[in-house]
Structure formats: C-alpha cells, structure tokens
Amino acid sequence: MDQKTENQWPLQFEVIEEIKQVGRWSAPSWHIGDIHLYEKKTQAAQSNGILFERDLEIFLDERTDYRFNLSSQDPKLFFAFENDNDVLTPVMITASQSLIGQYMDGDYVVLSIGMPLPVQAWLEAFIGKNGELIEVRRKKRKGAGRASEQLPK
C-alpha cells in the first residue's frame, strides 16, 4: 500500500548498526535513524544505515493500547525485526505495547523511537472517530474464587 488511509500509513525508516564493545567481545547493536512519514521515497543520499519500508497498521481492538501509549510521557512507535545472522528483516511496526511485548519474548530484535507528532494526531483521530475501547470484565459466577471460601472454625 502506497497511500495513507484511516488505518494504514506507509513508512520508510532507517536502521543503523553499531558494533558495541563489551569487555573483549563485540556485538552488533541497532537503532532507528530517520523516519519518513508521508510517502515512500527512493534511497536517501548519504544514508548511514539500511532503509526499510513497512506499513504501520492500526486495529480497532487495540484502541486501549493506543490510548495508554498516547497518554504516556513519551509515546513510542515499536519495530520488530527477525534477526538471521545479524541481518535484520522488518516484521511489524506498531503503537501497541502489549502487541510488541509478544515479540520481546521471542527471538526478535525490538526497537522503538519517539512517536512523531503527525502519527500521534492520526491515532487520536482514529480513536476519536471509532470511540474509546472500554474493556468490560465479566463477573465470575457467584461464590467463585478464594475470597468466598469458608474459613475453618
């Protein structure tokens, strides 16, 4: 998809690799460099890293997560990559901390950056149009749980 829509935004972003020295060992470390929000562009001149293209897609059932992220002091965009012999392949971009948490438990490289203001406004508009998602917890059957157990006399 090359056009921004109500629930998808094509992004182009740069991933920069650095070699970190830890004691006598060295290991690669990555971070997100430049990010382009409006249209997919050709290879940027003087790029320090690898340029990737991926769509940021947002979903109705994640509105609570988006609200939580937007309400934080420093809202973030999260990026998940497969790491095959120190070659990164982007898997997803999200604004949901709980969704990216699932990738942190696996063999993925997870990076984040501060969420650009236009993306924050886009998410706010999405939530405003579709309403806040209120998670309703159902009551368990009466008498269920440890609190209702009778104590021995």
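Residues numbered from 1 in each chain as written. Predicted model: local features only at pLDDT ≥ 70, side-chain atom pairs only at ≥ 80, totals over all residues. Heavy atoms only, no water.

Focus on the pattern of salt bridges
Cut-off, in case you're wondering: The salt bridge criterion pairs a side-chain nitrogen of Lys or Arg with a carboxyl oxygen of Asp or Glu, the two atoms within 4 Å. Under the DSSP-based scheme used, a helix requires at least four consecutive residues in state H or I and a strand at least two consecutive residues in state E, with every element numbered from the N terminus.
Enumeration according to the criterion identifies five salt bridges in this entry. Arg67 serves as the salt-bridge partner of Glu124, at 3.0 Å between the closest nitrogen and oxygen. Taken together, the positions of Glu124 in helix H3 (residues 117–130) and Arg67 in helix H1 (residues 63–71) put the pair 57 residues apart, joining distant regions of the chain. A salt bridge links Asp74 to Lys76; the shortest N-O distance between them is 3.0 Å.

Some thoughts on the nonpolar core
Rules: We define a nonpolar core as any set of buried Ala, Val, Leu, Ile, Met, Phe, Trp, Tyr and Cys residues linked to one another through side-chain atoms lying within 4.5 Å. Only protein chains enter the accessibility calculation, which uses a 1.4 Å probe; a residue whose area is less than 20% of its type maximum is buried, one above 50% is exposed, and one in between is partly exposed. Any pair of residues with heavy atoms lying within 4.5 Å of one another is described as a contacting pair.
Of all hydrophobic cores here, the largest spans 27 residues; its most connected members are Phe13, Val15, Ile32, Leu77, Phe79, Phe81 and Val119. Looking at this core, the elements that each hand over two or more residues are strand E1 (8–22), strand E2 (25–36), strand E3 (50–57), H1, strand E4 (76–84), strand E5 (87–94), strand E6 (108–114) and H3. When residues in this core are grouped by element, the largest group, five residues, is from H3. The contacts of Phe13, once residues within four sequence positions are left out, are Ile32, Asp34, Ile35, Ile50, Leu51, Phe52, Glu53, Arg54, Phe79, Phe81, Pro90 and Ile93. In this structure, Ala80, Met92, Leu99 and Tyr103 belong to the second largest nonpolar core, which totals six residues.

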